[in-house]
Amino acid sequence: SRYFSHKKEIIELDHYTILYEFYNILTTINHMDISRRPVRKDDFEQILRWRNNPETLSTTKDGKVLDYNEHLTWSEKRIEKHDSQPYFAYILDHSFVAITRLDKIIDGLEISILVSPEWRRKGIAKYTLNDTLNYAGDKFPDTKISAWIKKDNYPSIKLFTSEYFNYETSLGNFLKYFWASHSN
């Protein structure tokens, strides 16, 4: 009896600790100074490090490490298109923590999010997704916004569906979702 009582107390403490930590994350993000600005050249190396992180690679279409020179060339061309295809950097308390992109595709815009590995699972992706969607809703009204998500990337699927993205189709290991909130 004493053993089970002791185990139960540990479990209750663990649940309390988990809830307490979750509350701290939510309230911390709500009170942090998060700002958005266009991606700059001095961000390119950090973005490449995040992109080539093993966890990130597991969610990409090709799973390949990007070459620095190819990334630099692509990034320089990409920031020139910022007005028609926004490419945002998110800064949290003076730290560069995430990027979002809206890329032109045949039927609208495709959104991408990349969060610094040390800031993942802390609400940053949700904040950046909401902020980018608010921006897109104002700047590109009535434009379809899609996201391609790897089938086994459950945190991203949960994030996007919680923000009114609906399943549209699949291709290989990826699922396509589209944003429906502006039509509701």
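Look up a bit, the structure's there.
Our subject in this report is the structure included herewith. For clarity, every value in this text was computed on a predicted model and none was experimentally measured.

## Re the overall build of the protein chain
Reasoning step 1: Of regular secondary structure, the protein chain possesses 6 helices and 7 strands.
Reasoning step 2: Going from the N terminus to the C terminus, the protein chain shows its helices and strands as α-β-α-α-α-β-β-β-α-β-α-β-β.
Reasoning step 3: A buried classification covers 38% of the 184 residues belonging to the protein chain.
Reasoning step 4: If you take every contact in the protein chain between residues at least 6 apart in sequence, the share linking residues at least 24 apart comes to 57%.
Reasoning step 5: Summed over all atoms, the accessible surface of the protein chain reaches about 11500 Å², with 54% contributed by carbon and sulfur.

## A few points about the nonpolar core
Reasoning step 1: One finds Leu102, Ile111, Leu129, Leu133, Ile145, Phe160 and Phe165 to be the most contacted residues of the largest nonpolar core, which totals 26 residues.
Reasoning step 2: Of all the elements in the fold, those that place two or more residues in this core are strand E2 (87–92), strand E3 (95–105), strand E4 (108–115), helix H5 (124–139), strand E5 (145–150), helix H6 (154–162) and strand E7 (174–179).
Reasoning step 3: Broken down by element, this core gets its largest block of residues, 5 residues, from H5.
Reasoning step 4: Discounting residues that sit within four places of it in the chain, phenylalanine 160 has contacts with Ile111, Ile113, Leu129, Ala147, Ile149 and Phe165.
Reasoning step 5: Among the nonpolar cores identified, the runner-up in size contains 10 residues, and Phe44, Ile47, Tyr87 and Leu114 belong to it.

## What to know about the packing of helix H2 (residues 44–51) against helix H4 (residues 68–79)
Reasoning step 1: At a closest axis distance of 10 Å, the pairing of H2 and H4 adopts a crossing angle of 120 degrees. Judged on the interaxial angle alone, H4 and H2 are oblique. Handedness of the H2/H4 crossing: right-handed. Along the contact surface, H2 presents Phe44, Glu45, Ile47 and Leu48, while H4 presents Tyr68, His71, Leu72, Ser75, Glu76 and Ile79.
Reasoning step 2: Residue composition of the contact of H2 with H4, grouped by class: 6 nonpolar, 2 polar and 2 charged.

## Description of the packing of aromatic side chains
Reasoning step 1: If you walk through the whole model with that rule in mind, you get 6 aromatic pairs.
Reasoning step 2: With 4.9 Å between their ring centres and 85 degrees between their planes, phenylalanine 88 and tyrosine 135 make a pair best called edge-to-face. With phenylalanine 88 in strand E2 and tyrosine 135 in helix H5, this residue pair connects regions lying 47 residues apart in the sequence. Side by side, phenylalanine 88 and tyrosine 135 carry an identical accessibility label, which is buried.
Reasoning step 3: Pairing tyrosine 90 with tyrosine 127 gives two aromatic rings, centres 6.4 Å apart and planes at 85 degrees, and the pair type is edge-to-face. Of the two residues, tyrosine 90 sits in strand E2 while tyrosine 127 sits in helix H5, which places them 37 residues apart along the sequence.
Reasoning step 4: For tyrosine 127, a relative accessible area of 33% corresponds to the partly exposed category.
Reasoning step 5: Lying across the ring of phenylalanine 96, arginine 37 places its NZ or CZ 5.8 Å from the centre.

## Observations concerning the environment of asparagine 153
Reasoning step 1: Relative to the helices and strands, asparagine 153 resides in the loop between E5 and H6.
Reasoning step 2: The exposure class of asparagine 153 is buried, given its relative accessible area of 15%.
Reasoning step 3: Remark: the alpha-carbon pair of asparagine 153 and phenylalanine 174, spanning 21 residues in sequence, is separated by 9.3 Å.

## Notes on H5
Reasoning step 1: Here H5 is 16 residues long and its end C-alpha atoms lie 22 Å apart, about the 22 Å a rise of 1.5 Å per residue gives.
Reasoning step 2: Among the residues of H5, Ile124, Thr128, Leu129, Asp131, Thr132, Leu133, Tyr135 and Ala136 are the ones counted as buried.

The rules behind the values
Residues numbered from 1 in each chain as written. Predicted model: local features only at pLDDT ≥ 70, side-chain atom pairs only at ≥ 80, totals over all residues. Heavy atoms only, no water. Helix = DSSP H or I, 4+ residues; strand = E, 2+ residues; numbered from the N terminus. Buried < 20%, exposed > 50% of the residue type's maximum accessible area, 1.4 Å probe, protein only. Contact = heavy atoms within 4.5 Å. Areas by Shrake-Rupley, 256 points an atom, 1.4 Å probe, with all protein chains shown as cover. Core = buried A, V, L, I, M, F, W, Y, C linked by side-chain atoms within 4.5 Å. Axes fitted to C-alpha atoms, helices over the stretch in contact; angles between N-to-C directions. Parallel < 35°, antiparallel > 145°, perpendicular 65-115°, else oblique. Left-handed = near helix turned anticlockwise from the far one by under 90°. Nonpolar A, V, L, I, M, F, W, Y, C, P; charged D, E, K, R; others polar. Phe/Tyr/Trp six-rings, centres within 6.5 Å; stacked < 30°, edge-to-face > 60°. Lys NZ or Arg CZ within 6 Å of the ring centre and 35° of its normal. Expected span 1.5 Å × (residues − 1).

These values are about where atoms sit, not about what they do.
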